[in-house]
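Structural description and commentary
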Amino acid sequence: MKLNNAPDSLPPARSTYRHGDLRRALLDAGIELARDGGPGAVVLREATRRAGVVPNAAYRHFGSRQELLLAVREAALAAAATAMEKELAVLPCDQPPADFARAQVRAVGTAYLRFAQAEPGLFRTAFVISDEGSGELGPGKAGAGGLDPFQLLGKAIDRLVDAGVLDPARRPNAEYLAWSAVHGLALLIIDGPLREMPAEAAHSLGQQLIDMVERGL
């Protein structure tokens, strides 16, 4: 189920193929399948049915389910990146450099957790490794600024170094540590024992975790 505050970076899927762009129609259908049922629901035959074409028509654009899944993964990552960019865009810029750097790390982590809760199907799909392998993702995984979610996190941590908040000696691999912590909480909230936690409590817990991550870097 999509929440009211779900990111709006993904276009609504068409119910049938009409406008001459079959690849886009199939991708839209794949996105909606992922949104409703996660990566396991992204099936090429069902995408063609939703697009209103015969299954063989899809193979001109997606030669296998894996190819469609990779395209949907890119779209899901781009949506997460866009959510982060929106959170970063509203930060006041007239803060001291150290405070601004900390606020950027917080914005990235907050948007990541919000995206996971608002779009759990897309969140699961963004990071899935299928039975066919991980595959190579292209530039479609980035937001408007050209960076994907992991790159946005890395850039925020670089700003901690630039602002004198983080010792350069502690910078290597810091994004992996931060990502592991926030991603773990996201999974606990959407798929684990914290699924029944009220939204306000989950948000508060997320802010505590982000504080802990920043202090621990």
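Preceding this paragraph is the structure being described.
In short, a report on the structure.

Calculation rules
Throughout, a residue's number is its position along its own chain's written sequence, starting from 1. Only residues with pLDDT of 70 or above have their local features reported here, since the model is predicted, and side-chain atom pairs are shown and tallied only from 80 upward, although totals for entire chains, interfaces and linings are computed over all residues. Hydrogens and waters are ignored; side-chain quantities use all the structure's heavy atoms. Helix and strand labels come from DSSP, where a helix needs a run of H or I of at least four residues and a strand needs a run of E of at least two; each type is numbered from the N terminus. Buried, partly exposed and exposed residues are distinguished by accessible area as a fraction of the type maximum, computed with a 1.4 Å probe on protein chains only: under 20%, between the cut-offs, and over 50%, respectively. Note on contacts: a residue pair qualifies if any of its non-hydrogen atoms lie within 4.5 Å across the two residues. To measure how exposed things are, a 1.4 Å probe is used in the Shrake-Rupley method; for residues, cover is taken only from the protein chains shown. A helix is expected to reach a length of 1.5 Å times the quantity of its residues less one. When we speak of the arc, we mean the arc of directions from the helix axis to the C-beta atoms. Orientation is described by lines fitted to C-alpha atoms, with helices fitted over the stretch in contact, and by angles between N-to-C directions that extend from 0 to 180 degrees. For any pair of crossing helices, the crossing counts as left-handed if the nearer helix is rotated counterclockwise from the farther one by less than a right angle, and right-handed if it is rotated clockwise. Three classes are used, and their members are as follows: Ala, Val, Leu, Ile, Met, Phe, Trp, Tyr, Cys and Pro are nonpolar, Asp, Glu, Lys and Arg are charged, and the others, Gly among them, are polar. Salt-bridge detection follows one rule: a side-chain nitrogen of Lys or Arg within 4 Å of a carboxyl oxygen of Asp or Glu.

Here we look at the overall build of the protein
Scanning the protein from terminus to terminus reveals 9 helices and 0 strands. Ordered by position from N to C terminus, the α and β elements of the protein give α-α-α-α-α-α-α-α-α. By the burial criterion, 46% of the 217 residues in the protein qualify as buried. Nonlocal contacts in the protein, meaning residues at least 24 apart in sequence, comprise 71% of its contacts between residues at least 6 apart. Carbon together with sulfur atoms contributes 54% to the accessible area of the protein, which is approximately 11,100 Å² in total.

Overview of unusual backbone geometry
Trans is the prevailing form of peptide bonds, just as negative phi is the prevailing case for residues other than glycine. In this structure, Asn173 takes a positive phi of about 70 degrees despite not being glycine. As for its placement among the helices and strands, Asn173 is situated in the loop between helix H7 (149–162) and helix H8 (174–191). Overall, Asn173 belongs to the partly exposed group, its relative accessible area being 49%.

Observations concerning H8
In this model H8 runs 26 Å from its N-terminal to its C-terminal C-alpha over 18 residues, within 8% of the 26 Å that 1.5 Å per residue would give. Those residues of H8 that sit buried are Ala174, Glu175, Ala178, Val182, His183, Leu185, Ala186, Ile189 and Ile190. One face of H8 carries all of its buried residues, which in axial projection span an arc of 160 degrees. Exposed and oriented more than 90 degrees from the buried face of H8 are Leu177 and Ser180.

A look at the packing of helix H1 (residues 22–37) against helix H2 (residues 44–51)
Working note: a packed helix pair is described by the angle between its axes plus the distance between those axes. Relative orientation of the contacting elements H1 and H2 amounts to 115 degrees, with a least axis distance of 8 Å. Between H1 and H2 the crossing geometry is right-handed. Together, Leu22, Ala25, Leu26, Ala29, Glu32, Leu33 and Asp36 of H1 and Glu46, Ala47, Thr48, Arg50 and Ala51 of H2 make up the contact between the two elements. Tallied by class, the residues present in the contact of H1 with H2 amount to 7 nonpolar, 1 polar and 4 charged.

Some thoughts on the pattern of salt bridges
In the structure shown here, the tally under the stated rule is 13 salt bridges. Arg50 is the partner of Glu46 in a salt bridge, and the nearest nitrogen-oxygen pair spans 3.1 Å. Taken together, the residues Glu46 and Arg50, both in helix H2 and 4 residues apart, mark about one turn of the helix. Classification of Glu46 as partly exposed rests on a relative accessible area of 22%. For Arg50, a relative accessible area of 28% gives the class partly exposed. A salt bridge links Glu175 to Arg171, with the nearest nitrogen and oxygen atoms 2.6 Å apart. With respect to burial, Glu175 and Arg171 carry one shared label: buried. A network of salt bridges, in which partner residues are shared, links Glu32, Arg35 and Glu119.

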